[in-house]
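Coordinate inspection notes
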Amino acid sequence: MTDRADPVDRGLRAWRESGVPRNPEGWLYRVALNARRDVWKSAAARTSVAFDPEVHDETGHENPAEADPEALPDRRLELLTACAHPDIDPGIRPLLMLSAVMGLTGRQIASAMTLPAATVAARLPDVREAIYGAFAIDWVHSASQPREGMIGEAIFLSGLLARMCPGDGESHGLAALVHLSAARFPARRGEGGAFVPLAEQDPEAWNTSLVTAGEHHLREVHRCGHVGRFGLEAAIQILQMTGVRRGETDWPMLLRLHDDLDRIAPSLGGSVARVAVLAEADGPAVALAALEALDSDDRRLTGFQPAWVLRAHLLARLDRRDEASAALHRAIELTTDPAERGYLIRLPRSSA
C-alpha cells in the first residue's frame, strides 16, 4: 500500500479530524511549498517522454485492490482540492492554487489575468480553473515540446481529473481543450523559433497522440450531455484545426460556437476572437463595426494586444492602409512575446 505518512498527508488528515486551522491559506501555502520539490521530482520523470495514452496510466501503478478508495491518486490534485475548501476566501482560491501548488510566480499570475478571480463555492470548478490557468500562463513561455514544465502538469492533471469524474462534462471539456492546444506545440514555432499562427501551421507537425486524446475527451463531453465553457472552447479548437487540415473552415458553425461561449462565459479574449470569426462569416466591415462597439463598451481593449492585431487586419482588408499601419504599430508596442513581435514586425503594412 502507498505510504500515507508523509507530511502532506499527516497535515490533511489533521485538518479533516481537528478542523480548519486559524489561517488556512497560510497553512496550505506552507505545506504546498514544502511538498512541491518532491512532487516536481516525480513529475519530471513522468514528463520527460512524449505523451502516449496507451502507455501513461493516469491512475498510477498502484494495485487497485490495495488503493485507498477515499484517497486522491495524486498529491497535487489533493492539495488543489484542499485549496478549494469552503472556509478559504473564494476570491483567493485560484491564486493560492496557482502559486503554492502549481508553482507560478506572482508576476506570471498577475500579468496573465484580465479578469478578477471568479468567486465560486464548489471545489471542482476551482480545481479546473487552476489547472487551466497554469496551462494558459505557461503557454506563451514554453518551448515547442508539449510535455515540458507546467504544460506537462496540466496535461496529466486534466486527464486525471476527467478520469476521476467520468460523468462531469466540464472536466472532460478541460482535458479536451488542454490536450488539443498542447498538440499544436510542435507547429507553433518555425525556423529559428519564429511564431507560426494556427492558420499557417503544418497539421502534420501536430502531436497525433494528444489530438486523439483531445478528441476522445470531446466525445465524452457530448456523452455527458452538458457542454460548458471548456467544452465549447475545445469544440472551437477542433473546428479550427479541422479547417486548417481541410483548407476550408465552417465559419457559420464557428460563429455559433463563439456566440454560445459568449453567452455562458463572456471574456475579453473570447469577445475579440468572436469578432475575428465574424469577419470571415460576414465580412471585415461588419466585424470592424462590432469591434468598435466592443471598444466603446469595454475600455480595456485600448491596452489589449489581440484587439489591435485584429483591428489592423480588418482595416487592411478594407484598404484603410494608414489606419491599419497605425493599429499594427500599437499592436507591436503591446506585444511581449519576442517571437510574436517578430512576426508582426515582418508583416507587410498593406496586409496587416
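Everything here concerns the structure above.
First, a word on scope: everything that follows refers to the structure included in this document. (Residues numbered from 1 in each chain as written. Predicted model: local features only at pLDDT ≥ 70, side-chain atom pairs only at ≥ 80, totals over all residues. Heavy atoms only, no water.)

**Looking at the overall build of the chain**
Which entries qualify depends on this criterion: In DSSP terms, a helix is any run of H or I states spanning at least four residues, a strand is any run of E spanning at least two, and both are numbered starting from the N terminus. Partly exposed describes any residue whose relative accessible area lies between the buried limit of under 20% and the exposed limit of over 50%, with all areas from a 1.4 Å probe on protein chains only and scaled to the type maximum. Residues count as neighbours in contact if any of their non-hydrogen atoms are within 4.5 Å of one another. All accessibility values rest on the Shrake-Rupley procedure with a 1.4 Å probe; residue burial counts only the protein chains present in the view.
A tally of helices and strands in the chain yields 16 helices and 0 strands. For the chain, buried positions account for 45% of its 352 residues. Counting only contacts in the chain whose residues sit at least 6 apart along the sequence, the fraction spanning at least 24 positions is 67%. With the model as given, the accessible surface of the chain reaches about 17,400 Å², and the carbon-plus-sulfur share is 53%.

**Focus: the pattern of salt bridges**
Pairing is possible between side chains of opposite charge, provided their charged atoms come close. As a reminder, the rule being used: Put simply, a salt bridge is a Lys or Arg side-chain nitrogen that is within 4 Å of an Asp or Glu carboxyl oxygen.
One pass over the structure, following the stated rule, counts 11 salt bridges. When the shortest N-O distance is used, the salt bridge between E333 and R330 registers 3.3 Å. Separated by 3 residues within a single helix, E333 and R330 lie in helix α15 (residues 321-334), roughly one turn from each other. The class of E333 is partly exposed, set by a relative accessible area of 47%. For R330, a relative accessible area of 29% gives the class partly exposed.

**Considering the nonpolar core**
Applied cut-off: Note on terminology: a nonpolar core comprises buried Ala, Val, Leu, Ile, Met, Phe, Trp, Tyr and Cys residues joined through side-chain atoms within 4.5 Å.
Grouped together as the largest cluster of nonpolar side chains are 30 residues, with contacts concentrated most on I131, Y132, F135, V178, A182 and W206. Residue assignment for this core shows that the elements contributing at least two residues are α6 (123-139), α7 (149-164), α8 (169-183), α9 (208-224) and α10 (229-246). For Y132, the contacting residues outside a window of four places in its chain are L174, L177, V178, R229, F230 and E233. The next biggest cluster of nonpolar side chains, apart from the first, holds 24 residues, and it includes V275, A307, A324 and L344.

**Considering empty space enclosed by the protein**
Cut-off, in case you're wondering: Here the term cavity refers to a set of points on a 1 Å grid, laid over the protein atoms alone, in which a 1.4 Å probe fits but cannot get out; the term pocket refers to an open set having protein on both sides within 12 Å along at least five of seven lines, with lining residues being those that place an atom within 4 Å of a point. Grid points are joined across faces, edges and corners, and a volume is the space filled by probe spheres set on the points.
On inspection of all chains with the given rule, the structure shows 2 cavities of 30 Å³ or more. The computed volume of the second largest cavity comes to approximately 30 Å³. What lines the second largest cavity is H258, L261, D262, A265, S267, G270 and S271. Secondary-structure elements contributing two or more residues to the lining of the second largest cavity are α11 (251-264) and α12 (268-282). A total of 3 residues in the lining of the second largest cavity trace back to one element, the largest contributor, which is α11.

**Quick look at α10**
Note the following rule: A helix is expected to span 1.5 Å for every residue after the first.
Spanning 18 residues, α10 covers 26 Å between terminal C-alpha atoms, matching the ideal 26 Å at 1.5 Å per step. By the criterion of burial, α10 is predominantly enclosed, with 13 of the 18 residues buried.

**Re the environment of R245**
One can find R245 in helix α10. Once the C-alpha coordinates of R245 and D202 are considered, the two residues, 43 residues apart in sequence, prove to be 8.3 Å apart. R245 has contacts with P203, E204 and W206, leaving out every residue within four places of it along the chain.

**Side note on the side chain of S171**
Considering the arrangement of structural elements, one finds S171 in helix α8. Overall, S171 belongs to the buried group, its relative accessible area being 0%. Setting aside residues up to four positions removed in sequence, S171 forms contacts with L124, R128, S158, L161, A162 and C165.

**A word on the environment of W308**
Applied cut-off: Polar contact is defined as a pair of N or O atoms within 3.5 Å, subject to the rule that within protein one atom must be able to donate a hydrogen and the other to accept it, and that residues adjacent in sequence are counted only when both atoms are side-chain atoms.
One can find W308 in helix α14 (residues 305-317). W308 sits in the partly exposed class, given a relative accessible area of 21%. Between the C-alpha atoms of W308 and L291, which are 17 residues apart in sequence, the distance is 9.9 Å. If we skip the residues at most four places from it in the chain, W308 touches L301, T302, G303, A327, R330, A331 and L334. Here the side chain of W308 touches L301 through a polar contact of 3.4 Å, landing on its backbone oxygen.

Geometric descriptors of this kind do not, in isolation, establish any biological role.
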